[in-house]
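Summary of the model geometry
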Amino acid sequence: MKKIIFFIVSAVIGIVLFIGVILKVGIESIWQTIIDFSIAKWAVVFILYALSFWLTQYRWQLILRAQGYPLSMAKIFPAKIVGFAVDYFTPSPNAGFGESFRALVLKKDANVPFSAGLASVVIDKVMDFSYALPFLLFSIFYVLIKFSLS
C-alpha cells in the first residue's frame, strides 16, 4: 500500500512540475525550439544516444562474462531494454525498479541465476555512478566557488 501511495504522490508531483515548467517557459517557445531543431541534429542526438546505450550494454556484457556467463549482445538486449522501459514508466528512473526486471529477463531468456543477474546489475549501476561522481563533485565545487550561497 505504501508503494502505491508513493507512486501516486510521485506521479502527481512530476505532472505538476512538468506543467509548471511548460507554463513558465511557454508552449510557443517549446514548440519553436522543436521546430528549429533540424533533422540532422535529431539524427546526431539519436546516434549519440544509441551509441551510449550500446556502450552500457557492452559494459554489462563484460561484467556478465567476468561472472562466467558469456552471453551475446542479442541475449542481453531484451533484458536491457525491459529494464530501461520499466525505469521510465516508474516515477524514479534511477531508483532500481528496472534493474530487478533486467535480472528476471536474464534468468528467463539466458538461464542466468537471478542472484548472479542481480549482482551483475548492481555492479553495472555502481560503475554508472562511479563515472558520474567526478562530474558531480566538480559541479558542486564550481557552484560553491562561482555563486554566493548566503
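Structure: above.
The rules behind each value
Residues numbered from 1 in each chain as written. Predicted model: local features only at pLDDT ≥ 70, side-chain atom pairs only at ≥ 80, totals over all residues. Heavy atoms only, no water. Phe/Tyr/Trp six-rings, centres within 6.5 Å; stacked < 30°, edge-to-face > 60°. Helix = DSSP H or I, 4+ residues; strand = E, 2+ residues; numbered from the N terminus. Buried < 20%, exposed > 50% of the residue type's maximum accessible area, 1.4 Å probe, protein only. Lys NZ or Arg CZ within 6 Å of the ring centre and 35° of its normal. Axes fitted to C-alpha atoms, helices over the stretch in contact; angles between N-to-C directions. Parallel < 35°, antiparallel > 145°, perpendicular 65-115°, else oblique. Left-handed = near helix turned anticlockwise from the far one by under 90°. Contact = heavy atoms within 4.5 Å. Nonpolar A, V, L, I, M, F, W, Y, C, P; charged D, E, K, R; others polar. Salt bridge = Lys/Arg side-chain N within 4 Å of Asp/Glu carboxyl O.

Topic: the packing of aromatic side chains
Summed over the entire model, instances satisfying the criterion amount to 6 aromatic pairs. Here F53 and F77 contribute two aromatic rings whose centre-to-centre distance is 6.2 Å and whose plane-to-plane angle is 75 degrees, an arrangement assigned as edge-to-face. On the criterion of sequence distance, the pair formed by F53 in helix α3 (residues 39–66) and F77 in helix α4 (residues 73–89) is long-range, its members being 24 residues apart. Given the relative accessible area of 15%, F53 is considered buried. Aromatic rings pair up to connect Y49, F53, F77 and F84 into one cluster. Note that K80 overlies the ring of F53, its terminal NZ or CZ placed 5.6 Å from the centroid.

What about the packing of α4 against helix α5 (residues 97–110)?
α5 packs onto α4 with a crossing angle of 155 degrees between their chain directions and a minimal axis gap of 8 Å. With respect to each other, α4 and α5 are oriented roughly antiparallel. When the axes of α4 and α5 are compared, the crossing they make is right-handed. Where α4 abuts α5, its residues K75, P78, A79, K80, V82, G83, V86 and D87 lie against F97, G98, E99, F101, R102, V105, L106, D109 and A110. Along the lines of polarity and charge, the residues of the contact of α4 with α5 split into 9 nonpolar, 2 polar and 6 charged.

A few points about the pattern of salt bridges
The tally for this structure, following the rule as stated, stands at 7 salt bridges. The residue D124 makes a salt bridge to R102 at a minimum N-O spacing of 2.9 Å. Pair noted here: D124 is in helix α6 (residues 114–146) and R102 is in helix α5, with a separation of 22 residues, a long-range link.

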